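Examining the three-dimensional arrangement
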Amino acid sequence: MTAVVRGRMTVWRRPLVAGATVLSVGCFCAGSLALAQNNEAGGLFAQIDFSAGLIGRTGNAASEDVTARAGLSFGLNSTTRNQVFRIRGGADLELDRNGVDLVRPNASLAYLLSSRTADLSFDTAYSEIELDNNTVDQIEVDDEVIANIGRRTSASASVRLVTGKDALFGTDTLLSWSRRDYADTINPNLFASTTTRAETTLRFDVTPTARLRLTASQVLRDDEDTLRTDRTTTQFGVGADTQIDPVWSLSADLSTVKIETIRDPLVPGPRVTTSADGLDGAFQLARALENGNLTFGLRREFAVTGGRTVLDVGRSMTLRNGNLAASLGVVRFENGETSPVASLSLNRQLTPTSVLNASLQRTATVNADDQDTLRTRLTLGYDQQINEASRWNINLGFADTDVQGGTGDNQRIDLGVGYSHALTKDWDLSAGLNQRLIYQDGVRGTSITTLSLNVERRFLFRP
């Protein structure tokens, strides 16, 4: 990254990574990264991003059309000895055959007040995203895997208070609210949902090597589905962490769980209330190695479908020019069925000019129809610098939902190639080609091809 100083304004030129899986010209995620990187210097820091370009789509789920977009985003970051304040926002202006529209508005605000003994933080965010333009790691609901039309709106707010940071007794309290809504979609499993959460943890440092935790939480979820589902999950638990010796450590948790669900009946009548009680438990044994850690875990997770048990082993280490963290295990559902689960996070600089990134998550969850589901998310990325001004990359995204004992086994594959070039010290050009394939219950369905061409300029300012 190079900089050109003009008076009090500093213009930075950075090579754009034209990841074809991210085709919105008003991309603000990169701005968030820049703010985080420059936060270490402290003080006041501002950023403005401008972008413009063309996007063309074709396929059996999209009319052949070319869209012109212009994006503007901003960020402001202020850091002092005991306070951090961040505000970010942006939107795209889109022009197509139907006219001009403002799309993908987003805004977020975060504040942290810190002292030697306590931390108080506040976060709030709002965003909109088209479901035909989201990446695999942006999927929030399983049915978004096969969604081709529609828009998701998300809003959230949270307050967190941590006390007793340097004391033998401390607390950690979190209050949060979030809402997710959908528009212009025909999928009945994509419905509005509001979640309110309150949780607190009391920490007792019994000895220099042992800690005791008492936890309590309650989650209220209001779904605007066909049956107007209201669900309350209440948990009370106890946990402990101990350092057995210089290399071995142990962590254990046990909690009671009560899930109460209220729904409209299938036939006219009063609302129906059901209740389920169970136990959550977790046990993890960890060994510190010369390079990284080795963990052995056993978890018992309770849900409306019953209990499921997960047994896994994990390994983390520092590689030459990179990092690796992985785990492999098996999950057993209430009905006795078993399936492998796994996770992977890999970042490796292969050569001085190339980087490989990989991420995998295969977990057990419960879908919108209260069915046990195996969820798989895989992303692969390779970035290669050609010269000082140019680079190219290739990205693969794979999402899979596998409903246990039922229908709804869906997959999505995103494959993209991108190229970026620094036109001048101030302007960058990027191009991307993306192919999306969707399969429903093993049958190939949607196919969409997207081509993008963008120019972008970034301004960074520190008074």
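Residues numbered from 1 in each chain as written. Predicted model: local features only at pLDDT ≥ 70, side-chain atom pairs only at ≥ 80, totals over all residues. Heavy atoms only, no water.

Below, the discussion takes up the overall build of the protein. What the protein contains, in helices and strands, is 1 helix and 24 strands. Taken over C-alpha atoms, the radius of gyration comes to 24 Å for the protein, in line with the 23 Å a tight globule of 463 residues would show. The principal-axis extents of the C-alpha atoms in the protein amount to approximately 60 × 60 × 40 Å. Counting the 463 residues in the protein, one finds 37% classified as buried. Sequence-distant contacts, at least 24 apart, represent 51% of the contacts inside the protein between residues at least 6 apart. Taken as a whole, the protein presents about 24100 Å² of accessible surface, with 59% of it coming from carbon and sulfur. Here the protein holds 47 positive side-chain charges and 54 negative ones, and the gap between their average locations is 7 Å. (Helix = DSSP H or I, 4+ residues; strand = E, 2+ residues; numbered from the N terminus. Rg over C-alpha atoms; globule rule 2.2 N^0.38 Å. Buried < 20%, exposed > 50% of the residue type's maximum accessible area, 1.4 Å probe, protein only. Contact = heavy atoms within 4.5 Å. Areas by Shrake-Rupley, 256 points an atom, 1.4 Å probe, with all protein chains shown as cover. Lys, Arg positive; Asp, Glu negative; His and termini not counted. Charge placed at Lys NZ, Arg CZ, Asp CG, Glu CD.)

Mapped onto the secondary structure, aspartate 400 falls in strand 21 (residues 390–403). The side chain of aspartate 400 sits in the buried core without any salt bridge; arginine 362 is the nearest counter-charge, 4.7 Å away. Beyond its immediate chain neighbours, meaning those up to four positions away, aspartate 400 contacts Leu374, Arg375, Thr376, Arg377, Asn410 and Gln411. (Salt bridge = Lys/Arg side-chain N within 4 Å of Asp/Glu carboxyl O.)

Aromatic rings in a pair are described by how distant their centres are and how their planes are angled relative to each other. Counted by the stated rule, this structure contains 3 aromatic pairs. Ring geometry for phenylalanine 169 and phenylalanine 204: centres 5.1 Å apart, planes at 45°, overall tilted. Residue phenylalanine 169 is located in strand 9 (residues 169–183), and its partner phenylalanine 204 is located in strand 10 (residues 193–207); the two are separated by 35 residues in the primary sequence. A residue is classified by how much of its surface remains accessible, and phenylalanine 169, at 41% relative accessible area, is partly exposed. Judged by relative accessible area, which is 30%, phenylalanine 204 ranks as partly exposed. (Phe/Tyr/Trp six-rings, centres within 6.5 Å; stacked < 30°, edge-to-face > 60°.)

We now examine the pattern of salt bridges. Taken as a whole and assessed by the stated rule, the structure comprises 36 salt bridges. Taking the shortest distance from any N to any O, the salt bridge between arginine 377 and aspartate 142 comes out at 3.5 Å. Note that arginine 377 is positioned in strand 20 (residues 372–385) and aspartate 142 in the loop between strand 7 (118–130) and strand 8 (151–163), a separation of 235 residues in sequence. Given the relative accessible area of 14%, arginine 377 is considered buried.

Averaged over every residue, the pLDDT of the protein is 88; the share at 70 or more is 90%. Contacts for the low-pLDDT stretch residues 1–40, under 50 throughout, to residues beyond four places or in other chains number 123 contacts. (pLDDT = per-residue confidence, 0-100.)

It is worth spelling out the pairing of strand 12 (residues 230–243) at this point. In this structure, strand 11 (residues 210–223) lies alongside strand 12, joined through 13 bridges in antiparallel fashion. The residue of strand 12 that forms the bridge with alanine 216 is phenylalanine 236. Between strand 11 and strand 12, which pair antiparallel one after the other, the connecting turn spans 6 residues, and arginine 228 there sits at a positive phi close to 50°. Looking at chain direction, strand 12 and strand 13 (residues 248–263) are connected through 14 bridges and run antiparallel. (Pairing = 2+ DSSP bridges.)

Along the polypeptide, glutamate 128 turns up in strand 7. Judged by its relative accessible area of 19%, glutamate 128 falls in the buried class. Sequence spacing of glutamate 128 and threonine 274 is 146 residues, and the spatial spacing of their C-alpha atoms is 34 Å. Residue contacts for glutamate 128: discarding those within four places in its chain leaves Arg104, Pro105, Arg151, Arg152 and Thr153. Polar contacts involving the side chain of glutamate 128 include one to the side chain of tyrosine 126, which spans 2.5 Å. (Polar contact = N/O pair within 3.5 Å; in protein donor to acceptor, adjacent residues only side chain to side chain.)

In this model, asparagine 321 sits at a positive phi of 65°, which is unusual for a non-glycine residue. Turning to its location among the elements, asparagine 321 is positioned in the loop between strand 16 (306–319) and strand 17 (322–332). Classification of asparagine 321 as partly exposed rests on a relative accessible area of 48%. The backbone of aspartate 370 sits at a positive phi, close to 60°, despite the residue not being glycine.

Together, Phe169, Phe204, Val206, Leu212, Leu214, Val238, Leu254 and Leu279 make up a nonpolar patch on the protein surface, roughly 670 Å² of accessible area in all. Elements with a minimum of two residues in the nonpolar patch: strand 10 and strand 11. (Patch = residues over 30% accessible without salt bridge, like charges linked within 9 Å, V, L, I, M, F, W, Y side chains within 5 Å.)

Take the pairing of strand 13 next. Following strand 12, the chain reverses through 4 residues before pairing antiparallel with strand 13. Strand direction decides the pairing type here: strand 13 and strand 14 (residues 272–288), joined by 16 bridges, are antiparallel. Across the sheet, glutamate 260 pairs through a bridge with serine 275, a residue of strand 14.

With that settled, the discussion passes to the environment of asparagine 393. Counting through the fold element by element, asparagine 393 comes out in strand 21. Within the structure, the side chain of asparagine 393 is placed 2.7 Å from the side chain of asparagine 395, a separation counted as a polar contact.

Here serine 343 lies in strand 18 (residues 338–351). For serine 343, a relative accessible area of 19% translates into the label buried. Along the chain, serine 343 and leucine 378 lie 35 residues apart, while their C-alpha atoms are 9.4 Å from each other. Those residues in contact with serine 343, other than ones at most four positions away along the chain, are Ala325, Ala326, Ser327, Leu360 and Gln361. Separated by 2.6 Å, the side chains of serine 343 and serine 327 make a polar contact.

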